[in-house]
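Analysis of the macromolecular model
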Amino acid sequence: MAGCHPYFNLPDFTQPSPPSTPSSLPSHQRCRPSDVTKGLLVALLGGGLPAGFVGPSRMAYQASHLPSLELLICRCLFHLPIALLLKLRGDPLLGPPDVRGRACLHALFNVLSIGCAYSAVQVVPAGNDATVHKGSSTVCSALLALCLESQRLSGYDWCGLLGSILGLIIIVGPGLGTLQEGTTGLYTDLGYVLTFLGGLALSLGLLVYRSLDFPSCLLTVAFLFGLVGLVGSVPGLFLLQIPVLPNDPLSWSCVGAVGILALVSFVCVSYAVTKAHPALVCVVLHSEVVVALMLQYYVLYETVAPSDIMGAGVVLGSIAIITTQNLSCEREGQVE
């Protein structure tokens, strides 16, 4: 009998089984986005776009000369109510004792990154600040992941990574070649150095966060960011800067917008980096540069050069390459 074992009259499992027909499954169960795709989409929509609204921090500085550390303190205050969620869940505020040190280190790196970015945006154009910050974080994330985690990127990922760096060079290059001399030029140079150091601190923070694995990890690191930021910023504000109490609605509106958007971006980026390579997450976060350039032109009324538009187009093309390459579908039940 064809297809049956001659002695036991059982089906012959040595014969290849007919291919399954995916069309027999419902359309919503046929395929679903992979974890990498989910992470990149969350980083793009929830991390990069809100973070691009760095312009309000400069508007607050222009309106009432709000110091950068005071703006950082206001942002940290938005993170403190997360302690109520941790208490309701019965989780320790500082995380489990065995990972508490790494969680605080992650918060410290993020505070340094944001503090450098807020300080630099007062002397560097908003678009250039976001460009250098995200470019340095991308390069450092790729190098650190390759050296410390032995993670490999595909050819398409490397193409998108190098393309995004090229776009950032196109944006920043002409501006770096025409820096002014004297005190103004010195402050501008210092602003770019702070922006680069902020990107380096961001990449280190993302790498540390990937090593954390415990319940309520995301809520814990968000609360620790606010706590560590307050502990470090309050003394620094009175020692290094002069506190300013905003007395106009525009400044208060800008502070509130920065705090809310930054909290959303922080949570989304922390989630995305657990699903995708840190370098890919940083590349997708380059959408912040495009948003910052738009705000720079339409809201802050600052000049946007043709090279800025060209570089922004290259960055968007690189993001499209990486996102399209990772838009894979997985059949329901397939082992990820």
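Conventions used here
- Every chain is numbered on its own, with residues counted from 1 as its sequence reads.
- A pLDDT threshold of at least 70 governs which residues receive local features in this predicted model, and a stricter bar of 80 or more applies before side-chain atom pairs are shown or counted, although totals over entire chains, interfaces and linings include all residues.
- Side-chain metrics in this entry use all non-hydrogen atoms of the structure; hydrogen atoms and water are not considered.
- UniProt positions are given in the numbering used here, feature names are shortened, and annotations may be inferred rather than shown by experiment.
- Axis lines are fitted through C-alpha atoms, for helices just across the contact stretch, and the angle between N-to-C directions can take any value from 0 to 180 degrees.
- Numbered from the N terminus, helices here are DSSP runs of H or I no shorter than four residues, and strands are runs of E no shorter than two.
- Oblique is the label for every angle not falling under 35 degrees (roughly parallel), over 145 degrees (roughly antiparallel), or within 65 to 115 degrees (roughly perpendicular).
- Crossing chirality is assigned from the near helix's rotation relative to the far helix, an anticlockwise turn below a right angle marking it left-handed and a clockwise turn marking it right-handed.
- Contact between two residues is taken to exist if any of their heavy atoms lie within 4.5 Å; hydrogens are not considered.
- Just so you know the grouping, Ala, Val, Leu, Ile, Met, Phe, Trp, Tyr, Cys and Pro go in nonpolar, Asp, Glu, Lys and Arg go in charged, and all remaining residues, Gly too, go in polar.
- For this document, the term salt bridge refers to a Lys or Arg side-chain nitrogen within 4 Å of an Asp or Glu carboxyl oxygen.
- Here, the term nonpolar core denotes a set of buried Ala, Val, Leu, Ile, Met, Phe, Trp, Tyr and Cys residues that are joined through side-chain atoms within 4.5 Å.
- Type-normalised accessible area, obtained with a 1.4 Å probe on protein chains alone, sets the label of each residue: buried when under 20%, exposed when over 50%, and partly exposed for intermediate values.
- Here the aromatic set is Phe, Tyr and Trp, taking the six-membered ring for Trp, and pairing holds for ring centres within 6.5 Å; pairs whose planes are under 30 degrees apart are stacked, those over 60 apart are edge-to-face, and all others are tilted.

The name given to the protein in an unreviewed UniProt entry is Solute carrier family 35 member G6, with the source organism recorded as Monodon monoceros. Entered under Subcellular location (unreviewed entry) in the UniProt record, the comment concerning the protein runs "Membrane".

In contact at an axis separation of 9 Å, helix H4 (residues 68–77) and helix H10 (residues 217–240) are set at 155 degrees when each is read in the N-to-C sense. Judged by the angle between their axes, H4 and H10 are roughly antiparallel. Along this stretch, H4 crosses H10, giving a crossing that reads as left-handed. Residue-level inspection shows Leu69, Glu70, Leu72, Ile73, Arg75, Cys76 and Leu77 of H4 in contact with H10, the latter providing Phe225, Gly226, Gly229, Leu230, Ser233, Val234, Gly236 and Leu237. In the contact of H4 with H10, the residues fall into 9 nonpolar, 4 polar and 2 charged.

Right, let's get into the pattern of salt bridges. Applying the stated criterion across every chain yields a total of 1 salt bridge. Across the pair aspartate 91 and arginine 89 runs a salt bridge whose closest N-O atoms are separated by 3.2 Å.

This brings us to the nonpolar core. Counting residues in hydrophobic clusters, the biggest one holds 64 residues, and the most contacted among them are Leu72, Tyr118, Leu212, Phe225 and Val281. Among the elements that make up this core, the one with the highest residue count is H10 (9 residues). Filtering out sequence-adjacent residues up to four positions away, leucine 72 remains in contact with Val111, Ile114, Gly115, Tyr118, Phe225 and Ser233.

We now examine the side chain of serine 203. Among the secondary structure elements, serine 203 is positioned in helix H9 (residues 183–210). Here serine 203 falls in the buried class, since its relative accessible area comes to 2%. Sequence-distant contacts of serine 203, that is, excluding residues within four places in its chain, are made with Ser137, Cys140, Ser141 and Leu144.

Along the chain, valine 258 turns up in helix H11 (residues 249–272). Expressed as a C-alpha distance, the spacing of valine 258 and cysteine 74, which sit 184 residues apart in the sequence, is 8.8 Å.

A word on unusual backbone geometry. Its identity as a non-glycine residue notwithstanding, serine 216 has a phi of 60 degrees, on the positive side. Mapped onto the elements of the fold, serine 216 is located in the loop between H9 and H10. Classification of serine 216 as buried rests on a relative accessible area of 10%.

Take the packing of aromatic side chains next. If you walk through the whole model with that rule in mind, you get 1 aromatic pair. Relative to phenylalanine 266, the ring of phenylalanine 225 lies with its centre 5.3 Å away and its plane at 40 degrees, an arrangement referred to as tilted. On the criterion of sequence distance, the pair formed by phenylalanine 225 in helix H10 and phenylalanine 266 in helix H11 is long-range, its members being 41 residues apart. Accessibility assignment for this pair places phenylalanine 225 and phenylalanine 266 in one class, buried.

Positionally, alanine 305 belongs in the loop between helix H13 (287–298) and helix H14 (306–326). Accessibility expressed as a relative area gives 28% for alanine 305, which makes it partly exposed. Taking C-alpha positions, alanine 305 is 8.4 Å from isoleucine 171, a pair spaced 134 residues apart along the chain.

As for its placement among the helices and strands, serine 233 is situated in helix H10. Leaving out residues up to four positions away in the same chain, serine 233 has contacts with Leu69, Leu72 and Ile73.

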